[in-house]
Amino acid sequence: MNKKSLFHLSVFTLFGFSLVGYILLHFSKQLDFWTMLSVEFISLKSISIGLGIGVLAAALGLLLVYFLPNGKMDNMMDNLMEELDPKWYHILFYSFCAGVGEEILFRGAIQHYIQLWPAAILFVVIHGYFNIKDKTMFTYGVFLIFISGSFGYLYKFLGIYSAISAHFIYDVIMFGYLKRKA
């Protein structure tokens, strides 16, 4: 993967995933896409809690990465970061696109239909972290299910913007760690 393809993937995640979420919610009688994104649900409290949960999740993730034995995931991430050599504005952009697009699709739409924990598992499986052949990646995948579930609870109790802010800051911290490590 190179910077150009990651840029395109990020833009697709932001707009494509949001569009799929819109289409899925178009068929819902209980939840309206635009109501879910209403600015009336943005509050300093929900954003702050989301950021706090995201920082805590990233801290736990970094601890887990520190204690896990090196596996395919480490090599994959190291190679990716060496190829990309992202600047901080890239990291902020990638994290923003993932936070918004993935949360709208997985928390806003998919969780609405299949509930919180199945949506969390699906999120991790689609990202490819649930690999039973690599114990390190499998362990990290199980951890991510709980992180994804926590984002689901943020959405359920505080709204989409809380989940987006948690996902955004989690990705920023993890990308920052990988950048520094590389």
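Look a little higher up for the structure.
Residues numbered from 1 in each chain as written. Predicted model: local features only at pLDDT ≥ 70, side-chain atom pairs only at ≥ 80, totals over all residues. Heavy atoms only, no water.

Undergrad: Run through the overall build of the protein, naming residues and quoting values.
TA: Along its length, the protein carries eight helices and zero strands. Start at the N end of the protein and walk to the C end: the helices and strands fall as α-α-α-α-α-α-α-α. Radius of gyration (C-alpha) of the protein: 16 Å, near the 16 Å computed for a compact globule of 182 residues. C-alpha extents for the protein along the principal axes are approximately 45 × 30 × 30 Å. Taken across its 182 residues, the protein has 48% of its residues classed as buried. (Helix = DSSP H or I, 4+ residues; strand = E, 2+ residues; numbered from the N terminus. Rg over C-alpha atoms; globule rule 2.2 N^0.38 Å. Buried < 20%, exposed > 50% of the residue type's maximum accessible area, 1.4 Å probe, protein only.)

Undergrad: How would you summarise the packing of aromatic side chains if you had to cite specific residues and measurements?
TA: Per the counting criterion, the structure on display carries 17 aromatic pairs. Between the aromatic rings of F7 and F93, the centroid separation amounts to 5.4 Å while the plane-to-plane angle is 15 degrees, which identifies the pairing as stacked. A residue pair is termed long-range when its members are at least 10 positions apart, and F7 in helix α1 (residues 3-26) and F93 in helix α5 (residues 88-114) qualify at 86 residues. Relative accessible area serves as the criterion here: at 42%, F7 is assigned to the partly exposed category. Seen in terms of ring centroids, Y94 and F175 are 5.8 Å apart; in terms of plane orientation they differ by 40 degrees. Their pairing is tilted. You can see Y94 sitting in helix α5 and its partner F175 sitting in helix α8 (residues 160-181), a full 81 residues away along the chain. (Phe/Tyr/Trp six-rings, centres within 6.5 Å; stacked < 30°, edge-to-face > 60°.)

Undergrad: Account for the nonpolar core, naming residues and giving values.
TA: In terms of nonpolar packing, the biggest core is built from 47 residues, with M36, Y140, L144 and Y170 touching the most fellow members. Taken together, the elements giving at least two residues each to this core come down to α1, α2 (33-36), α3 (44-67), α4 (72-84), α5, α6 (116-127), α7 (135-158) and α8. (Core = buried A, V, L, I, M, F, W, Y, C linked by side-chain atoms within 4.5 Å.)

Undergrad: Go over the packing of α6 against α7, please, and point to the residues and values.
TA: Where α6 contacts α7, the two axes come as close as 8 Å, and the packing angle between them is 135 degrees. One way to sum up the angle between α6 and α7 is to call them oblique. In the packing of α6 onto α7, the handedness of the crossing is right-handed. From α6, L116, W117, A120, I121, F123 and V124 reach across to α7, where they touch G141, L144, I145, F146, S148, G149, G152 and Y153. Among the residues making up the contact of α6 with α7, the classes are represented as 10 nonpolar, four polar and no charged. (Axes fitted to C-alpha atoms, helices over the stretch in contact; angles between N-to-C directions. Parallel < 35°, antiparallel > 145°, perpendicular 65-115°, else oblique. Left-handed = near helix turned anticlockwise from the far one by under 90°. Contact = heavy atoms within 4.5 Å. Nonpolar A, V, L, I, M, F, W, Y, C, P; charged D, E, K, R; others polar.)

Undergrad: Any chance you could break down the packing of α1 against α5 for me, citing the residues and the numbers?
TA: Contact geometry for α1 and α5: axes closest at 8 Å, N-to-C directions at 25 degrees. Taken together, the axes of α1 and α5 are roughly parallel relative to one another. Between α1 and α5 lies a crossing of left-handed hand. Counted by class, the contact of α1 with α5 contains 20 nonpolar, eight polar and two charged residues.

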